[in-house]
Amino acid sequence: MGSFCLPSTFSSCIRSSAATNSIAMAAFLSHHPKILPRPFFSRTFRFISLSTSTKPPRKLFQAVRSVATPAEGVAGFESMISGTERKYYLLGGKGGVGKTSSAAALAVKFANSGHPTLVVSTDPAHSLSDSFAQDLTGGTLVPVEGPDSPLFALEINPEKAREEFRSTAQKNGGTGVKDFMDGMGLGMLVDQLGELKLGELLDTPPPGLDEAIAIAKVIQFLESPEYNMFTRIVFDTAPTGHTLRLLSLPDFLDASIGKILKLRQKIASATSAIKSVFGQEEKRQDAADKLERLRERMVKVRELFRDKESTEFVIVTIPTVMAVNESSRLHASLKKESVPVKRLIVNQILPPSASDCKFCAMKRKDQLRALDLIRNDPELSSLLVIEAPLVDVEIRGVPALKFLGDIIWK
Ligand SMILES: Nc1ncnc2c1ncn2[C@@H]1O[C@H](COP(=O)(O)OP(=O)(O)OP(=O)(O)O)[C@@H](O)[C@H]1O
C-alpha cells in the first residue's frame, strides 16, 4: 500500500491505496498509451486519499475531476482553443502556488489540441526547465519533446542578458552594446543612455531592467517572423510584484520616451541651425524617428496586455487566507491596469477526508474557509474558479503535465 506522509506526528493520517493508483494509472494509460516514456510506467499518480479503503473506479474519477464554479459569461477550455488567431495567456500569482505547473500544463494541452505553442518564463527564478524535466535555459527557443503539435519553451534569463550586456560594454568600449540591445529591440535606449556610464549602471541595475528585457522579448513576438507560427503563447510570470511591474512597464517607458522626445525637440529647435551647418541634423532626426518607433512598439505591447480578444491573465492561488488576499489585491491591480482576467485556479485542494486524520481534517477545514473567502471576495467572486486537487507526486515532465492539464483545463 502506497502512503503519503506529512510530518511524522501525523504520519498515520494519509494513505493512498495502490489499487486506487493502479486504476487511475490504467485509465490514464488506456487513453494515452503512446505518450508515456518507459520509466514513467513505473510511476503512479495518486491524489491524496484520506480514506484507508480502496475506492471503486467511479469514485476515483470524481476525486480526479477538478471543479469549475461557473462565472457568468466565461466559457470553458473549448473557448481557449477555438480560433487560429494568436492568443496570449499570462499566469501569475503568489510564489509557489503552482503557476509554472499550471502554465506548462496549459502549454502542453494547447499543443495537444493542435496549436503550435510557445511557453515563456519571465520569472527570474525559472522553474520551467524543472517542470518539463528538460534543459530550457539559454534564452533561446527550445523544442519540448512529446506533444502532438510543436511546443517550444523560452526562459528569459535577465541575469545572463545583463551579464552579456555588461561584458560587451566592457569589451567593445560600448559599441557592442548597441548591437546587443538592437537584438533585444531596445537599441534606441542605448542611444539615449549613451552619455551615462553603462558599466556602473549595470553594476547596480535599475529597477525594471529585468522587466525591460522581458518586454523586449514580447516586442520580438509581435514583430519577428521566427515567432509567427505560434497561435498560443503562454507566459509563466514572476510572483505578483514583478508581474505588476512588467505590466505597467510599457506605460512607464512610453511616458519616459515621450518626455525624452519632447526634451529633444526643445534642444533641437535651439540648436538645429548650428547642427545643420555641421551636418549632424540628419543623424539627430534619425535617432528621433527610432525613438518614436520604439514608443509605438511600447504602445503595441500595452494594447496587447489589455486586449480582451487576444489576452487573458489567469490568477493562480492556493486555498489559504494569505494567498487569497494576495490574489484579491492582484485582481484589483490588474483591473486598474485594464488587463482582462476571467479565471482563478485554486490549486492543491485536499479531497474530503473519510479518515480520522485530525491534521488533514483541520487543514481541509481551513481550505474550505479560504474557498468561502473567495466566493465572498468582491474582487474574486466574479471569476470562474477552477479547483485543482493536490496530487502526491511532483508534476514533472510532459506526461505528468498532460495529466495535470487534463484535470485543470477543461
Ligand atoms: N496540484 C498539485 N499537486 C501537487 N503538487 C503540486 C501541485 N501544483 C504544484 N505542485 C508542486 O508545487 C511546487 C511548486 O509549483 P510551481 O513551481 O508550479 O509553483 P510556482 O507558483 O511556479 O512557484 P514559483 O513562484 O517558485 O515560481 C512544485 O514542486 C510542483 O510540482
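Below, the structure is looked at part by part. Note that the structure is a prediction, hence the values are computed from the model and not measured. (Residues numbered from 1 in each chain as written. Predicted model: local features only at pLDDT ≥ 70, side-chain atom pairs only at ≥ 80, totals over all residues. Heavy atoms only, no water.)

### What about the site of the ligand?
In the vicinity of the ligand lie 17 residues, with Gly96, Lys99, Thr100, Ser101 and Glu394 positioned nearest. In this structure, Lys99 approaches the ligand through a side-chain N or O atom, which is 2.8 Å from an oxygen atom. One of the side-chain nitrogen or oxygen atoms of Glu394 is found 2.8 Å away from an oxygen atom of the ligand. For the ligand, whose accessible area on its own is 630 Å², the fraction buried by protein is 79%. For the shell around the ligand, the leading source of residues is helix 5 (residues 99-112), giving 3 residues. (Near = heavy atom within 4 Å. Polar contact = N/O pair within 3.5 Å; in protein donor to acceptor, adjacent residues only side chain to side chain. Areas by Shrake-Rupley, 256 points an atom, 1.4 Å probe, with all protein chains shown as cover. Helix = DSSP H or I, 4+ residues; strand = E, 2+ residues; numbered from the N terminus.)

### Some thoughts on the packing of aromatic side chains
What characterises a pair of aromatic rings is the spacing of the ring centres plus the angle enclosed by the ring planes. As enumerated under the stated definition, the model contains 5 aromatic pairs in all. Taken together, a centroid distance of 6.5 Å and an interplanar angle of 25° make the contact between Tyr88 and Phe235 stacked. Pair noted here: Tyr88 is in strand 2 (residues 87-93) and Phe235 is in strand 6 (residues 232-236), with a separation of 147 residues, a long-range link. Phe235 gets classed as buried once you look at its relative accessible area, which sits at 2%. Each ring, one from Tyr227 and one from Phe230, has its centre 6.5 Å from the other, and the planes form 50°; the classification is tilted. Summarising the burial analysis for this pair, Tyr227 and Phe230 share the class buried. Joined through ring pairs, the aromatic side chains of Phe77, Tyr89 and Phe110 make up one cluster. Across the ring face of Phe77, the terminal group of Lys109 is positioned such that the distance to the ring centre comes to 5.2 Å. (Phe/Tyr/Trp six-rings, centres within 6.5 Å; stacked < 30°, edge-to-face > 60°. Buried < 20%, exposed > 50% of the residue type's maximum accessible area, 1.4 Å probe, protein only. Lys NZ or Arg CZ within 6 Å of the ring centre and 35° of its normal.)

### Re the state of the cysteines
One pass over the full model with this rule turns up 1 disulfide. With a sulfur-sulfur separation of 2.2 Å, Cys357 is cross-linked through a disulfide to Cys360. Its S-S torsion of approximately 75° makes the covalent link between Cys357 and Cys360 right-handed. Each member of the pair, Cys357 together with Cys360, is buried. (Disulfide = S-S within 2.5 Å.)

### As for the pattern of salt bridges
Here the structure, examined in full by the defined rule, presents 9 salt bridges. Close ionic contact of Arg306 with Glu337 constitutes a salt bridge, the shortest N to O distance being 2.8 Å. Placement of the pair is Arg306 in helix 13 (residues 281-306) and Glu337 in the loop between helix 14 (321-336) and strand 8 (341-349), with a sequence separation of 31 residues. The partly exposed category is assigned to Glu337, whose relative accessible area is 21%. The partner of Glu379 in a salt bridge is Lys335, with the nearest N and O atoms 3.1 Å apart. Here Glu379, found in the loop between helix 15 (358-376) and strand 9 (384-389), pairs with Lys335, found in helix 14; they are 44 residues apart in sequence, far enough to count as distant. A residue is classified by how much of its surface remains accessible, and Lys335, at 46% relative accessible area, is partly exposed. By sharing partners, the salt bridges in this structure join Lys109, Lys402 and Asp406 into a single network. (Salt bridge = Lys/Arg side-chain N within 4 Å of Asp/Glu carboxyl O.)

### Description of helix 5
If you check helix 5, its first and last C-alpha atoms are 20 Å apart, about what 14 residues at 1.5 Å a residue would give, namely 20 Å. The element helix 5 is largely enclosed, with a buried count of 12 among its 14 residues. For helix 5, the set of buried residues is Lys99, Thr100, Ser102, Ala103, Ala104, Ala105, Leu106, Ala107, Val108, Lys109, Phe110 and Ala111. Where helix 5 ends, the next residue or the one after it, Gly114, has phi of about 100°, a positive value. (Expected span 1.5 Å × (residues − 1).)

### Notes on the side chain of Asp377
When you line up the elements, Asp377 lands in the loop between helix 15 and strand 9. Among buried Asp, Glu, Lys and Arg side chains, Asp377 stands out as unpaired, with Lys335 the closest opposite charge at 8.1 Å. Separated by 3.0 Å, the side chains of Asp377 and Ser328 make a polar contact. Among the polar contacts made by the side chain of Asp377, one reaches the main-chain amide nitrogen of Leu380 at a distance of 3.1 Å. (Lys, Arg positive; Asp, Glu negative; His and termini not counted.)

Read these as spatial facts, not as claims about activity.
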